[in-house]
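Each chain, written out:
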Amino acid sequence: MHALKIQNIEKTYGKVKVLKGINLEIEPGQFLILVGPSGCGKSTLLNMIAGLEPVSNGNIFIGDRDVTHLDPKDRDIAMVFQSYALYPNMTVCQNIEFGLTIRKTEISEQKAIVAKVSKLLQIEPLLDRKPKQLSGGQRQRVAMGRALARDPSIFLFDEPLSNLDAKLRVEMRSEIKELHKRVKTTIVYVTHDQIEAMTLGDVIAVMKDGEIQQFGPPQEIYDNPCSQFVAGFMGSPSMNFIPCQIDNVNGSMQITLESGGVQQQLPIKQVIHGLQEYAGKTVILGIRPEQITQQGEEKADSAMLNCSVEIIEPTGPDTMITVRINDVKTVCRIHPTAESRVDKLMPLLLDMSKVIFFDAQTQLRIY
Amino acid sequence: MSINRILIYGLLGFVALFYLMPLVVMLITSLKDLDEIRSGTLLSLPQSLNFDAWGKAWGTACTGVSCEGLKNYFWNSVVIVVPAVVISTVIGALNGYVLTKWKFKGSNLFFGMLLIGTMIPFQVVLLPMARMLGLLGLAGTTSGLIMVHIIYGLAFTTLFFRNYYISIPSELVNAARIDGAGFWLIFRRIILPLSIPIVVVSVIWQFTQIWNDFLFGVVYSSGDTQPITVALNNLVNTSTGVKEYNVDMAAAIIAALPTLFVYVVAGKYFVKGLTAGAVKG
């Protein structure tokens, strides 16, 4: 049983292909995130699910119904927009009721729904206000209330937090997550913010240039990105990409890293069969900042490298330091108590059990 | 008050006086009798308030052969202006709504062509329009003249509403569509309530244009159905011996009063409409 199924969806504007055959399927109650840089087609895809944009090719199913060519109002969906799109001439209460009035819901039932929704979102004191008298966060809540009132089978969120300031964004993020936990309705959520994607999603579809690059649970996407693009897009600070020479030395693979003027051979103990054929060539080493740490956290597969520190950025819980490995700026996440000084050499541990490799040409993961 | 302020206010006062002078001359002349006009100068004040000229202009002055003043023509103009303004504003609003929120293939081209409509001089359409009115059987009728004004005004009203609606976020329309509202309901419940400033702009513009129109009025109407501007022209040009400047002036002010009235009543909204800016959700 699926809540939403998208089959080979394409969208063309004139000669430009914006979506190039999207396929995905989610189960009822799942929280799907469409994430990608601007222009990747994620909002277009959402608008097509909503029925606001015609589909050029392919099919969309909500539940068992083929809704590909249905009107938005017949799709049993509700949507929260980036600008909230509250009706400026109506009060909060009228905003929430609007959809119910159109659907000719009984007045008494309307009142009950408004009461329930406004209690859930804690907007009861605001019911008689006009949208322009509300703050950003309150507007956001009202917009969600309007969507909730309809009790649809799918909620669509179009970058709902991007107009809020940083602090409020974090608050609303956890409120949305909590809301989903309570109402358990399927949600499709578009964002360009990878932290929102990681924190909110049950499944994430990472998109680029009108294609889904990778589809899976957040942790899976974070740990096992399928391409350099996905690896670089998810995570902040983003993954370090270090070009390095790889060699086969007596049957074991070794990479050469240079830092602080010293070249060093590091053995790869992970079993990555694909690496064999790259022997003697250059590959891209992918290593996340938290996989490069200070001494004292040795793991079974740690390798040590003396690096010259260029920049130190304390964030509080961690300190980011920038070093240069193979002439590439590399960010490491170290403990704030660890001693580091600019222009001094610092011994760092690379967790070689988690590193991944990419083909230097295709930028695809080497398995 | 600094010297700069004094200079600025002085200059503004002078310019305002300069600009208002013709109106002042008209007003004081309309309140004089013919003897005063002959003996005094243009700017000399009337000895007493004398509204005889106004009464004559309204009720008994001759416009050609008939001598019934402007009153019938005043109502002619009202009967022409009201429906023409209302209909052209409503259609303009609908056009603007479609051209911004329900775009169709070629809608930009359509809008471009409408824009050209705002630049066509009145004189160019006189003959073709006369032929069309003849074919429709509307030649010389009030409905015919109303139709001409509506058609001619549409390019302007559409332009006003289109440019206003383009700043209303389309997400509002999308939200309403998802809420289940259709074309008309969205227009009535969402778009129209946001349109008051631009409706006022459109009404003022159209009212002024149509009320003050002379050319279409003189060409497409005849006899008893002529608008006040044509009657005013006839009144001024009809003389039986003495030129009655006071009556001419009173008649001209009567003909101009309604547009003045519209500006005073709606001017507040007019400024609001021009400064309101974007409608934020």
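Note that the coordinates shown come from a computational prediction; the quantities given were computed from them, not determined experimentally. By convention here, each chain's residues receive numbers from 1 onward along its written sequence. Written order determines the labels here, with chains lettered from A and ligands numbered from 1. Since the coordinates come from a predicted model, pLDDT governs what is reported: local features require at least 70, and pairs of side-chain atoms require 80 or more to be given and counted, while whole-chain, interface and lining totals use all residues.

Turning to the overall build of chain A, a few remarks are in order. Helix and strand assignments come from DSSP, with helices taken as H or I runs of at least 4 residues and strands as E runs of at least 2, each series counted from the N terminus. What chain A contains, in helices and strands, is eight helices and 21 strands. Its C-alpha atoms give chain A principal-axis dimensions of about 80 × 45 × 35 Å. Within the span of chain A, comprising 367 residues, buried residues form 37% of the whole. It is the C-beta atoms, placed from the backbone, that decide contacts: two residues are in contact if theirs lie within 7 Å. In chain A, of all internal contacts separated by at least 6 residues, the share reaching a separation of at least 24 is 66%. Working definition of burial: number of other C-beta atoms within 10 Å of the residue's own, with buried at 20 or more, exposed at 12 or fewer, and partly exposed in between, all C-beta atoms being placed from the backbone.

Here we come to the nonpolar core. Across soluble globular proteins, nonpolar side chains have a tendency to be buried as a group. Core analysis: the largest hydrophobic core is formed by 141 residues, its most contacted members being Leu-34, Met-79, Leu-156 and Val-188 of chain A. A per-element tally of this core places helix H7 (residues 142-165) of chain B first, with 12 residues. If we skip the residues at most four places from it in the chain, Met-79 of chain A touches Ala-50, Ala-147, Leu-156 and Asp-158 of chain A together with Ala-175 and Ile-178 of chain B. Each nonpolar core reported here comprises buried Ala, Val, Leu, Ile, Met, Phe, Trp, Tyr and Cys residues connected via C-beta atoms within 7 Å. Core analysis: the second largest hydrophobic core is formed by 16 residues, Ala-53, Ala-57, Tyr-73 and Val-230 of chain B among them.

At the interface, 16 residues of chain B touch 21 residues of chain A. At the level of elements, helix H8 (170-178) and helix H9 (183-191) of chain B are the ones that each hand at least two residues to the side of chain B that touches chain A. At six residues, the largest contribution of residues to the side of chain B that touches chain A is made by H8 of chain B. Each residue belonging to the side of chain B that touches chain A can be placed in one class, and the counts come to 10 nonpolar, three polar and three charged. Under the grouping applied here, Gly and all other residues not named as nonpolar or charged are polar, the nonpolar ones being Ala, Val, Leu, Ile, Met, Phe, Trp, Tyr, Cys and Pro and the charged ones Asp, Glu, Lys and Arg.

So, about the pairing of strand E1 (residues 4-13) of chain A. Along a regular strand, successive side chains alternate from one face of the sheet to the other. The pairing of E1 of chain A with strand E2 (residues 16-26) of chain A spans eight bridges and is classified as antiparallel. The residue of E2 of chain A that forms the bridge with Glu-10 of chain A is Lys-20 of chain A. A pair of strands is labelled paired if DSSP reports no fewer than 2 bridges between them.

All names here are of chain B. What the domain assignment lists for chain B is domain 1 (3-50) and domain 2 (71-275). Residue ranges assigned to each domain were obtained from an automatic or database domain assignment. Using only C-alpha atoms to locate each centre, domain 1 and domain 2 end up separated by 33 Å. Taken together, the contacts link eight residues of domain 1 with eight residues of domain 2. For the side of domain 1 that touches domain 2, the secondary structure elements donating two or more residues are helix H1 (3-30) and helix H2 (34-39). Considering every element that reaches the side of domain 1 that touches domain 2, the biggest residue donor is H1, with four residues. Of the residues belonging to the side of domain 1 that touches domain 2, the class tally is four nonpolar, two polar and two charged.

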